[in-house]
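Working through the structure, step by step
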Amino acid sequence: MPHTPPDGARRHGAPRHRGAPHTPARPGLRVVVADDNPVVRAGLSALLSGRQDIEVVAEACDGRQAYEEAVRHRPDVILLDVRMPGVDGLTALPHLVRLAPVLMTTYSRENETVHEALRLGAGGYLVHGEFTADQLVTAVHDVKLGRAHFTPTASSALLASLRDQHASAPAHGPTDTTAFPPPTAARFPASSPSDPPDGCAQRPSRTQVGVAHSLLSQREVEVMDLIASGMTNQQIAATCFISQKTVKNHINRIFAKLNTESRGQAIALWHSLSQGGPRPHG
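Described in the following lines is the structure provided in the data block. Remember, predicted model here, so these are calculated numbers, not experimental data.

1. A word on the overall build of the protein chain
The number of helices and strands found in the protein chain is twelve helices and six strands. Residues classed as buried in the protein chain amount to 46% of the 282 residues present. For the protein chain, the accessible surface area stands at approximately 14,200 Å², while carbon and sulfur atoms represent 53% of it.

2. What to know about helix α9 (residues 218–228)
Among the eleven residues of α9, nine are classified as buried, and the element is accordingly described as predominantly covered. Considered for burial, the residues of α9 that qualify are E220, V221, E222, V223, M224, D225, L226, I227 and A228. Following α9 by one or two positions, G230 has its phi on the positive side, about 100°.

3. Considering the nonpolar core
Ranked by size, the top nonpolar core spans 56 residues in total, and within it L93, L96, M104, Y125 and M224 carry the most contacts. Among the elements that take part in this core, α9 stands out by supplying six residues, more than any other. Contact partners of L96, with chain neighbours within four places excluded, come to A66, Y67, A70, I78, L80 and V102.

4. A word on the pattern of salt bridges
Using the criterion set out here, one finds eleven salt bridges in the structure. In this structure, the salt-bridge partner of R147 is D142, at a minimum N-O distance of 3.3 Å. For R147, a relative accessible area of 35% corresponds to the partly exposed category. On the basis of relative accessibility, which here comes to 14%, the residue D142 falls in the buried class.

Definitions and cut-offs
Residues numbered from 1 in each chain as written. Predicted model: local features only at pLDDT ≥ 70, side-chain atom pairs only at ≥ 80, totals over all residues. Heavy atoms only, no water. Helix = DSSP H or I, 4+ residues; strand = E, 2+ residues; numbered from the N terminus. Buried < 20%, exposed > 50% of the residue type's maximum accessible area, 1.4 Å probe, protein only. Areas by Shrake-Rupley, 256 points an atom, 1.4 Å probe, with all protein chains shown as cover. Core = buried A, V, L, I, M, F, W, Y, C linked by side-chain atoms within 4.5 Å. Contact = heavy atoms within 4.5 Å. Salt bridge = Lys/Arg side-chain N within 4 Å of Asp/Glu carboxyl O.

This is how it looks when you write it as structure tokens:
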């Protein structure tokens, strides 16, 4: 006669089904991909979606849609093209960086475009054809952590823009805030359309650079330009192809020559020079 377990054992024993239900782990990074070219957009999404620690939560064909998807999904990183119909990447950029770090992925490689994208808050700039799938994944993770990434053409364009004292002004005009209603007043405060993102200082003018030439070497002027643009030491090192230790040495000499004790003081003095303020004495 088959043995029948007591009621208590039946109630409190092991469950009858085999194994506990499996809940897949949530991807580490949520990404929005914005590009007007459907082939490029699908390619970027495929490269990222194939990784276990990245999920493409939305795609967008222009800056407005990128903003709407970013408000809806609150991604960790946004991939953004420069030239798109409707609202282009540079117009959308100041608004997108308030929602998530932005990595430019584009065919646009002009000096002024790279310069303007970084001034408006981009965390990195990758030119198509100059990065592999693994490099793209690394860039996405690093930009989320505040580490800048540039492909060779973008790095060269930034340095050329800094060195060229007679370069023309950026081709892109002020951003249009009417295209982007704020998700909440606290999240997206009212500001001038041409204001840089919070915490990102305006890049110094050529007048300022000319005055500073009498105090700083050419390399020190370049480093001070990047400091004033809001870059970290690591970002400056990547842009100038030098070590972080060399960056620190340049910064120490800059502070000594400008008679300042901190990054904030140096940036404030740097801006006062562009407005015809008094020359520092060091």
